[in-house]
Amino acid sequence: MKPGAALIVGGGVGGIAVALTLSGLGWHCRVLERRPEVSEAGAGIQIGPNGMRILRRLGVAQALRPLAGIPQSIRIREGTSGSDLAELPLGDWIDRRHGAPYWTAHRADLHAALMSQLVQRANIEIVYGFDVSRIVTTGDGVTVVATDQRSYQGDILIGADGINSTIRRLEFGSFELIPTGQVAARAVVANDTAATQAFGAHVGVWLAAGAHVVHYPVRGGSEIALVVVTQDAVACEGWNTAVDACAVLAKVKGLAPALRALLQRAISWRQWSLVTAPHSTAWSHGRTTLIGDATQSIMPFLAQGAVMALEDADALGHALDTRSDLAAALQTYETARRARKLRVQAAAARNGRIYHLRGPLAAARNFTLRNVPGARLMTSYDWLYGYRT
């Protein structure tokens, strides 16, 4: 398809990735961000080989490398005793197997690396403080109008504006976010002692009844990102709600002393409620399409949320580059992504259930983890990490 002008609503990881992808194909991209400035909230992010291949193609991996963590394994432990259950290989093993590494990073560092490429592209413009209120589609283009009546026209509109997507609501109808009864809290601590360095070389997953903890290195290994997920019927608003450290520690008081000592080092915690949203029956029509969380919600128990947005951006670029008709390209993109994202969504939800098992079911899980070689467990995810658009 002959390159045109793309309007991209949302300046997060997915929005910047799709702008870089399309600009490389000759499109002029205008990123419309509701916030008044660049601000990528969040603590840590895991990027499997399926995401790293895309970051390499976008020229982002080199900028991210000094700030990335490169864990050597995923180490799974029983949460209360701290005993080892399994160790799944990463490092050179996964790089050789899938042709790309497994990195961990602070989300803000990934966003900054993406932005470092964006500012070098003459055919990308980013507009801040643009809050979409209306979409007008005609035969020769699509126009978005902001609440302050500013407007821009393009050949295609891409909603990359997250689970609360305005573009999804305006174009595909309202939807209700459904609380899962789980709350996640996140923090970052310095990796500056012998005790913390024991945690900073790998991705750690601690499993307990109704709770689990994940940690991994960020900022080039100088810090450790922490995530605590617990059952909690009380929902909290937003992604960045402050929570008292004592409240977080009280939820994990039965976990292993070494893990609690690590968690106690965190001073500033932020929390958010985990929610699900109905899978969109369609996310492309006319000149409009969606990517990332705007299409569906994926629970964080497979560490694939942001990577799915990267895959979406890559697949959309491929469809627009290889099809001559806009509507056909958007349908090709959606068809190519739907089954993949449903599978990832289901696998992440299944992991969440497995993590929080109790009683005999937890014992059966632990027995399996202890007795199946880690490399074999990891190869069961070849479908995930080996994926190519």
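Figured I'd write up the structure that's included with this text.

Procedures and definitions
- Residues numbered from 1 in each chain as written.
- Predicted model: local features only at pLDDT ≥ 70, side-chain atom pairs only at ≥ 80, totals over all residues.
- Heavy atoms only, no water.
- Helix = DSSP H or I, 4+ residues; strand = E, 2+ residues; numbered from the N terminus.
- Rg over C-alpha atoms; globule rule 2.2 N^0.38 Å.
- Buried < 20%, exposed > 50% of the residue type's maximum accessible area, 1.4 Å probe, protein only.
- Contact = heavy atoms within 4.5 Å.
- Lys, Arg positive; Asp, Glu negative; His and termini not counted.
- Charge placed at Lys NZ, Arg CZ, Asp CG, Glu CD.
- Pairing = 2+ DSSP bridges.
- Axes fitted to C-alpha atoms, helices over the stretch in contact; angles between N-to-C directions.
- Core = buried A, V, L, I, M, F, W, Y, C linked by side-chain atoms within 4.5 Å.
- Salt bridge = Lys/Arg side-chain N within 4 Å of Asp/Glu carboxyl O.

**Remarks on the overall build of the chain**
Link 1 in the chain: In terms of regular secondary structure, the chain is built from 14 helices and 19 strands.
Link 2 in the chain: Against the globule reference of 21 Å for 389 residues, the chain gives a C-alpha radius of gyration of 21 Å, in line with a compact fold.
Link 3 in the chain: Taken over the C-alpha atoms alone, the chain extends approximately 65 × 45 × 40 Å along its principal axes.
Link 4 in the chain: Here the chain holds 389 residues, and the buried ones make up 54% of them.
Link 5 in the chain: In the chain, the share of contacts with a sequence separation of at least 24, taken over all contacts with a separation of at least 6, comes to 74%.
Link 6 in the chain: Positive and negative side-chain charges in the chain, numbering 39 and 30 respectively, have mean positions lying 6 Å apart.

**Examining the pairing of strand E13 (residues 203–208)**
Link 1 in the chain: In terms of residue burial, E13 counts as a mostly covered element, since six of its six residues are buried.
Link 2 in the chain: Alternating residues of E13 divide into Val203, Val205 and Leu207 and Gly204, Trp206 and Ala208, and every residue in both groups is buried.
Link 3 in the chain: The pairing of strand E4 (residues 73–78) with E13 spans five bridges and is classified as parallel. Pairing of Glu78 across the sheet is with Leu207, part of E13.
Link 4 in the chain: Relative to strand E14 (residues 211–218), E13 runs antiparallel, the two being bridged by five bridges. From the neighbouring strand, Leu207 faces E14, where its bridge partner is His212.

**A closer look at the sheet that holds strand E11 (residues 156–159)**
Link 1 in the chain: The mixed open sheet is built from six strands, whose spatial order is E7-E2-E1-E11-E19-E18. Looking along the sheet, the strands with just one partner apiece sit at the ends: strand E7 (124–128) and strand E18 (284–285).
Link 2 in the chain: Its contacts with the sheet place helix H1 (residues 13–23) against strand E1 (5–9), strand E2 (28–33), E7 and E11, and it is angled at close to 170 degrees to E2.

**Here's the deal with the environment of Gly91**
Link 1 in the chain: With respect to the helices and strands, the residue Gly91 is situated in helix H4 (residues 91–98).
Link 2 in the chain: In this structure Gly91 comes out as buried when scored by relative accessible area, which is 10%.
Link 3 in the chain: Each C-alpha atom of the pair Gly91 and Ser174 lies 43 Å from the other, and the pair is 83 residues apart in sequence.
Link 4 in the chain: When neighbours within four sequence positions are excluded, Gly91 is seen to be in contact with Pro71 and Gln72.

**Considering the nonpolar core**
Link 1 in the chain: Judged by nonpolar contacts, the single largest core of 63 residues is most densely connected at Leu55, Leu64, Leu114 and Leu320.
Link 2 in the chain: With near-sequence residues (within four places) excluded, Leu114 lies in contact with Val13, Ile16, Leu20, Leu55, Leu58 and Val60.
Link 3 in the chain: Core analysis: the next-biggest nonpolar cluster, separate from the first, contains 35 residues, Leu207, Val227, Leu302 and Tyr385 among them.

**Remarks on unusual backbone geometry**
Link 1 in the chain: The backbone phi angle of Arg219 is positive, close to 50 degrees, even though this residue is not glycine.
Link 2 in the chain: Here Arg219 shows up in the loop between E14 and strand E15 (223–231).
Link 3 in the chain: You will see that Ala303, though not glycine, has its phi angle at about 55 degrees, which is positive.
Link 4 in the chain: Tracing the chain through its elements places Ala303 in the loop between strand E19 (288–290) and helix H10 (305–322).
Link 5 in the chain: With a relative accessible area of 22%, Ala303 lands in the partly exposed category.

**Structural notes on the pairing of E15**
Link 1 in the chain: Counting buried positions along E15 gives seven out of nine residues, so the element sits mostly inside the fold.
Link 2 in the chain: In this structure, strand E12 (residues 178–190) lies alongside E15, joined through nine bridges in antiparallel fashion. Across the sheet, Gln182 pairs through a bridge with Gln231, a residue of E15.
Link 3 in the chain: Two strands pair when backbone bridges link them, and E14 and E15 are joined in this way by eight bridges, in the antiparallel orientation. Counted as the bridge partner of His215 is Leu226 from E15.
Link 4 in the chain: Counting the residues in the hairpin turn of E14 and E15 gives four residues, including Arg219, whose phi is positive at 50 degrees.

**Describing the pattern of salt bridges**
Link 1 in the chain: Summed over the entire model, instances satisfying the criterion amount to 16 salt bridges.
Link 2 in the chain: Close ionic contact of Arg77 with Asp84 constitutes a salt bridge, the shortest N to O distance being 3.6 Å.
Link 3 in the chain: Given a relative accessible area of 11%, Arg77 falls into the buried group.
Link 4 in the chain: A salt bridge links Asp192 to Arg265, with the shortest nitrogen-to-oxygen separation between them at 2.7 Å. Linking Asp192 in the loop between E12 and helix H7 (194–197) with Arg265 in the loop between helix H9 (257–264) and strand E17 (269–276), this pair joins segments that are 73 residues apart in sequence.
Link 5 in the chain: According to the relative accessible area criterion, Arg265 is partly exposed, its value standing at 35%.
Link 6 in the chain: One continuous salt-bridge network, built from bridges that share partners, spans Glu311, Asp312, Arg337, Arg340 and Lys341.

In short, the description is geometric, and any link to function would need to be established separately.
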